[in-house]
Amino acid sequence: MQQGKILAILLTIMCHLTAVAQTNGGAEVEKDTTFVNLDSLGVVTEKHINNYDIPLSALHLDYILDKDSIKFDIPESMMLNIDSLMNSWQSRTLLQLLENDSVVYQIQPVNDSIYAERLDRLPSIVNMTYNDITKQFIERYTNRHRRLVSNMLGLSTYYMPMIESALDKYNLPHELKYLPIIESAFNPKAVSRVGAKGLWQFMFYTGKQYGLVANSYIDERFDPMKSTHAAMKYLRDLYNFFQSWDLAIAAYNCGPGNVKKAIIRSGGKTNFWQIYRYLPRETRGYIPAFIAVNYIMNYYEEHGIVPMQPAIPIATDTLHISKNLHFSQVSELCNIEMDAIRAMNPQYIRDIIPGKSGTYVLRLPNETITSMLNLGDTIYNHKVEVYFPENVVAQMEKSVKLNDGGRSGAKRHKVRSGETLSTIARKYGVSVKQIMRANGMKNSNLRAGRYINIY
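Cut-off values and rules
Residues numbered from 1 in each chain as written. Predicted model: local features only at pLDDT ≥ 70, side-chain atom pairs only at ≥ 80, totals over all residues. Heavy atoms only, no water. Helix = DSSP H or I, 4+ residues; strand = E, 2+ residues; numbered from the N terminus. Polar contact = N/O pair within 3.5 Å; in protein donor to acceptor, adjacent residues only side chain to side chain. Phe/Tyr/Trp six-rings, centres within 6.5 Å; stacked < 30°, edge-to-face > 60°. Buried < 20%, exposed > 50% of the residue type's maximum accessible area, 1.4 Å probe, protein only. Lys NZ or Arg CZ within 6 Å of the ring centre and 35° of its normal. Axes fitted to C-alpha atoms, helices over the stretch in contact; angles between N-to-C directions. Parallel < 35°, antiparallel > 145°, perpendicular 65-115°, else oblique. Contact = heavy atoms within 4.5 Å. Nonpolar A, V, L, I, M, F, W, Y, C, P; charged D, E, K, R; others polar. Core = buried A, V, L, I, M, F, W, Y, C linked by side-chain atoms within 4.5 Å. Arc of directions from axis to C-beta. Salt bridge = Lys/Arg side-chain N within 4 Å of Asp/Glu carboxyl O.

Caption draft 1: Fine view of the side chain of Ser184. Here Ser184 is to be found in helix α8 (residues 179-184). A polar contact of 2.8 Å, which involves the side chain of Ser184, links it to the backbone oxygen of Leu199.

Printed below as a string of structure tokens:
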């Protein structure tokens, strides 16, 4: 009788899989559906739909979850266009291209016991659970995302000292230093599809709660130093609330409210894998991605991944600016690329430092700072009527007093069928690049019905 039930289940699953294959036109589509053994903490088995690989654990009726409760989303940072990332000013300037790409490597399968043993060896306060879900994420990094890992290893030489210093200051576990890889792939100008920004991907109101200023001209979520200290405070508060680093990290991704709801729906359980099915899909993949990135950043050599090497470091320093200054004034008189100024000062979102409204920090290469000091007021007076007409100055002084995420100076435009960025830019008197930067767009593709911000 029991065998008959199992056969019936298999037939049902096979019929469903056939329907899925037909729906997709027979094309091979990667699926992320999983089955979870609820009685064994963290024991998860993947089911690959297209090849009908149905694990034995899936045949136990009590362990089968509905599809929506077991799917997870891949973090945005793992879906980046690696060529675009490599061509960014940050990568081109800070890193040396590898002569022998780490992709050229004979990938060898690794036994589960080896993965588990390596994770167990990591000196970690955060639980490094190994199961089939974490294995999927580890093998994404060791296989298809090898170039991304190589890039992250190179950029880590610049960002890790700052992050590790902040972790020490707030007495937090050092394994948290890898969170920005999942959040932003070490891109201080990253903008998610829901509007989270910066290395640590702060939403506006969370950033404001932790002291990050955001208005039409400045967004400190893009400031690597300030956002790092804000992230440390937020993570500390989340841990103090949940008393669990697994749940604190999950809450960093989806908010403490969603984690609390998952705990309630699970009947009061307080382990990530026990509340897994009740969390948002993105968060179900977040902890496994965190475990996987800790693995790959420590065991990249075992997988033949070669870190990109730092270029000759650019010696930089800072100036305190208390007059209105446009990046173009610096670029034109000091012979420095605009992209270089933007990369070193990502918090200034309109290429303007509103110095008349307060004192702000500008970071530049040492030789450029020397040039600025030698120029004196000449640099501030250069084309001042072009860069700071009276109406712009008046609006700027009004906007920077607000900490509203730039909403007061922004217009929302609903994209109509047939519109392009060029036609929208002409309508509002701005440039295409300004629209793309303001909305975190990597290309000029538009979808009718989408809303975009115009500053």
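Caption draft 2: A look at the packing of aromatic side chains. In total, this model carries 17 aromatic pairs according to the counting rule given. A ring pair is formed by Phe202 and Tyr252, whose centres lie 6.4 Å apart and whose planes are at 70 degrees; its orientation type is edge-to-face. Of the two residues, Phe202 sits in the loop between α8 and α9 (204-209) while Tyr252 sits in helix α11 (residues 245-254), which places them 50 residues apart along the sequence. Centroid distance Trp273 to Tyr276: 5.7 Å. Interplanar angle 20 degrees. Geometry classified as stacked. This pair shows no difference in class: Trp273 is buried, exactly as Tyr276 is. The rings of Trp200, Phe202, Tyr210, Tyr234 and Tyr252 are connected pair by pair, giving a single aromatic cluster. For Arg118, the ring lying beneath its charged end belongs to Tyr299, and the centroid distance is 5.7 Å.

Caption draft 3: Layout of the packing of helix α5 (residues 112-121) against helix α6 (residues 132-144). Running from N to C, α5 and α6 point in directions that differ by 90 degrees, and their axes come no closer than 12 Å. Here α6 runs roughly perpendicular to α5, going by the angle between their axes. Where α5 abuts α6, its residues Asp112, Tyr115 and Leu119 lie against Lys135, Ile138, Glu139 and Thr142. Looking at the contact of α5 with α6, its residues break down into three nonpolar, one polar and three charged.

Caption draft 4: Focus on the environment of Gln347. Along the polypeptide, Gln347 turns up in the loop between α16 (338-344) and β7 (352-354). The spacing of Gln347 and Ile218 is 129 residues in sequence and 5.5 Å in space, taken between C-alpha atoms.

Caption draft 5: Focus on the nonpolar core. One finds Trp200 and Val259 to be the most contacted residues of the largest nonpolar core, which totals 74 residues. No other element matches helix α7 (residues 146-170), which puts twelve residues into this core. Those residues in contact with Val259, other than ones at most four positions away along the chain, are Phe242, Leu247, Ala250, Ala251, Cys254, Ile275 and Leu279. Listed in part, the 27 residues of the second largest apolar core include Met338, Ile352, Tyr387 and Val400.

Caption draft 6: Layout of unusual backbone geometry. The backbone of Gln201 shows a phi angle near 55 degrees, a positive value even though the residue is not glycine. Structurally, the position occupied by Gln201 is in the loop between α8 and α9. In this structure Gln201 comes out as buried when scored by relative accessible area, which is 11%. In this structure, Asp351 is a non-glycine residue whose phi angle is positive, near 65 degrees. The exposure class assigned to Asp351 is buried, which follows from its relative accessible area of 6%.

Caption draft 7: Inspection of helix α12 (residues 256-265) at higher detail. Buried residues of α12: Val259, Ala262 and Ile263, and no others. Looking straight down α12, one finds its buried side chains confined to an arc of 100 degrees; they lie on one side. With respect to the buried face of α12, the exposed residues turned more than 90 degrees away are Ile264 and Arg265.

Caption draft 8: Just the pattern of salt bridges, in detail. Taken as a whole and assessed by the stated rule, the structure comprises twelve salt bridges. With a shortest N-O distance of 2.7 Å, Asp377 and Lys323 are connected by a salt bridge. Within this pair, whereas Asp377 is found in the loop between α17 (366-375) and α18 (378-381), its partner Lys323 is found in the loop between β5 (316-321) and β6 (324-326), the two being separated by 54 residues in sequence. We classify Asp377 as partly exposed; its relative accessible area is 41%.

All quantities given are derived from atomic positions and should not be read as evidence of function.
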